[in-house]
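Chain by chain, the residues:
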Amino acid sequence: MAATKLTQEEVTSRFVRYADLRPCTTAFIDTRTPGSEQKENFTIIGPGVSESPDQFVHIDIPHGFNIGAARQPPGCVNSQHSHETAEVFVVHSGRWKFSLGPDALDAEIELGPGDTVSIPIHVFRGFTNIGDGPGFLFAVLGGDDPGQVTWAPYVFEEAKKHGLILLQDGRLVDTAKGETVPPDGTPMPATTNEQVNSLRRMTADQIKGCVVREAALDDASVRVFGNDGPGESAIIGAKNPDENMPAGKMSWLHGFHLRRWKFDPGYSTPWHARDEAEVIMMHQGRLKYIWEGGELEMRAGDVLSAPIGHARQYVSGNDEAAIAYVVRGGDSPGPFTEIAK
Ligand SMILES: [Fe+2]
């Protein structure tokens, strides 16, 4: 593997601090609907599934997956919709209820910080902040272009009542602001009963099989980098005998892997590189990303995309454990390559 030499600027262009996240509050058809109008949508690694030209994409380099996020105040609802790809939520803060089915009545499950749910393709899902403060969660979608979402029929009716029309090419027309359907635009027909009936329905027991609780991860961790490195726990993805890593509970194909790192204070990885995309979603503590010629420090809520082939070392802060959720490209990523220093 050829070591990739990068400047501080090149690496920081792949780093998004939580405080610098640029929200879009008009990303979707339900953004005027009472109960949903206060949600903030983020596209960190794009293009995502936003329906608004106002959505800012922080990192537009194709990774084979998308990283987005949502921040919502207490009681705020993200309406029922279905995707053409895998959608995985990692809760960063707050308590959340995920509801399934076209009317959110089929099944529900509650998640807290560090918990993960992988909602299968072609299932209506929505989520509500049920905590008493703002909540933030990461969402990982499969593929470079995850396409558009299919909204449940009631979402179109509610949106129309509050002035929003969704066009077939994904644009939104805000009639409350005086906008009209442009000559080159065709309103998206509301989802039909036939389409609803063609989607999958899930029971409460079935969705439990798609959830990994953070509390279960420490016992399942493997010291992939040796005893001074993080405990690494598989959440999504196949087993990798090269790393002595078992399969994650969600072992079906997503197009990416998800694992969780927990570093004790002051622990580090050896210098190494990888052949696949690696994205760090910081959950707790501090973690330095060090490369030849530079370093940066990640804190809770920050996201870094480590370049393919880039020689690096991760070092945790001395004061508390560092926890990160790590997304890697492909269904069968290989092991890291150690680099002599
Ligand atoms: Fe979604």
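No experiment lies behind these values; they were computed from the predicted model shown.

Caption draft 1: Quick peek at the overall build of the protein. Looking only at helices and strands, one finds four helices and 25 strands in the protein. Against the globule reference of 20 Å for 341 residues, the protein gives a C-alpha radius of gyration of 20 Å, in line with a compact fold. In terms of overall dimensions, the protein has C-alpha extents of about 60 × 45 × 35 Å along its principal axes. Considering the protein as a whole, with its 341 residues, one finds that 55% of them fall into the buried category. Taking all contacts inside the protein whose residues are at least 6 apart in sequence as the whole, residues at least 24 apart take part in 72%. Accessible area of the protein: about 14200 Å², with a carbon and sulfur share of 49%. A gap of 2 Å separates the mean positions of the 31 positive and 46 negative side-chain charges of the protein.

Caption draft 2: Region of interest: the state of the cysteines. A full pass over the atoms with the stated rule returns zero disulfides. Between Cys24, a cysteine without a disulfide, and Cys76, which holds the nearest cysteine sulfur, the sulfur-to-sulfur distance is 14 Å. Taking the relative accessible area as the measure of exposure, Cys76 reaches 4% and is therefore buried.

Caption draft 3: Structural detail: the pattern of salt bridges. Under the criterion given, the structure shown has 30 salt bridges. Lys161 serves as the salt-bridge partner of Glu158, at 2.9 Å between the closest nitrogen and oxygen. Residue Glu158 and its partner Lys161 are located together in helix α2 (residues 153–161), separated by three residues, close to a single helical turn. For Glu158, a relative accessible area of 24% corresponds to the partly exposed category. Exposure remark for Lys161: the relative accessible area of 60% places this residue in the exposed category. With a shortest N-O distance of 2.9 Å, Glu214 and Arg260 are connected by a salt bridge. Separated by 46 residues along the polypeptide, Glu214 in the loop between β15 (211–212) and β16 (231–236) and Arg260 in strand β17 (residues 256–263) bring together distant segments of the chain. For Glu214, a relative accessible area of 16% translates into the label buried.

Caption draft 4: Quick peek at the coordination of the iron ion. Around the iron ion, the protein contributes the donor atoms His81 (NE2), His83 (NE2), Glu87 (OE) and Glu87 (OE), at 2.1 to 2.6 Å from the metal centre. One can describe the donor arrangement at the iron ion as irregular, given that its four donor atoms subtend angles of 53 to 156 degrees at the metal.

Caption draft 5: Structural context of unusual backbone geometry. Positive phi outside glycine occurs at His122, with the angle close to 60 degrees. Tracing the backbone through its elements, the reader meets His122 in the loop between β9 (116–119) and β10 (125–129). You will see that Asn244, though not glycine, has its phi angle at about 65 degrees, which is positive. Tracing the chain through its elements places Asn244 in the loop between β16 and β17. A relative accessible area of 63% means that Asn244 is categorised as exposed.

Caption draft 6: Geometry of the environment of Trp261. Here Trp261 is to be found in strand β17. The class for Trp261 is buried, based on a relative accessible area of 0%. As for Trp261 and Ala277, which are separated by 16 residues in sequence, their C-alpha atoms are 16 Å apart. Engagement of the side chain of Trp261 in a polar contact is seen with the side chain of Glu232, the distance being 2.7 Å.

The rules behind each value
- Residues numbered from 1 in each chain as written.
- Predicted model: local features only at pLDDT ≥ 70, side-chain atom pairs only at ≥ 80, totals over all residues.
- Heavy atoms only, no water.
- Helix = DSSP H or I, 4+ residues; strand = E, 2+ residues; numbered from the N terminus.
- Rg over C-alpha atoms; globule rule 2.2 N^0.38 Å.
- Buried < 20%, exposed > 50% of the residue type's maximum accessible area, 1.4 Å probe, protein only.
- Contact = heavy atoms within 4.5 Å.
- Areas by Shrake-Rupley, 256 points an atom, 1.4 Å probe, with all protein chains shown as cover.
- Lys, Arg positive; Asp, Glu negative; His and termini not counted.
- Charge placed at Lys NZ, Arg CZ, Asp CG, Glu CD.
- Disulfide = S-S within 2.5 Å.
- Salt bridge = Lys/Arg side-chain N within 4 Å of Asp/Glu carboxyl O.
- Donors = N, O, S within 2.8 Å, 3.2 Å for Na, K, Ca; no water.
- Tetrahedral: all angles 85-135°; square planar, octahedral: opposite > 155°, others 65-115°.
- Polar contact = N/O pair within 3.5 Å; in protein donor to acceptor, adjacent residues only side chain to side chain.

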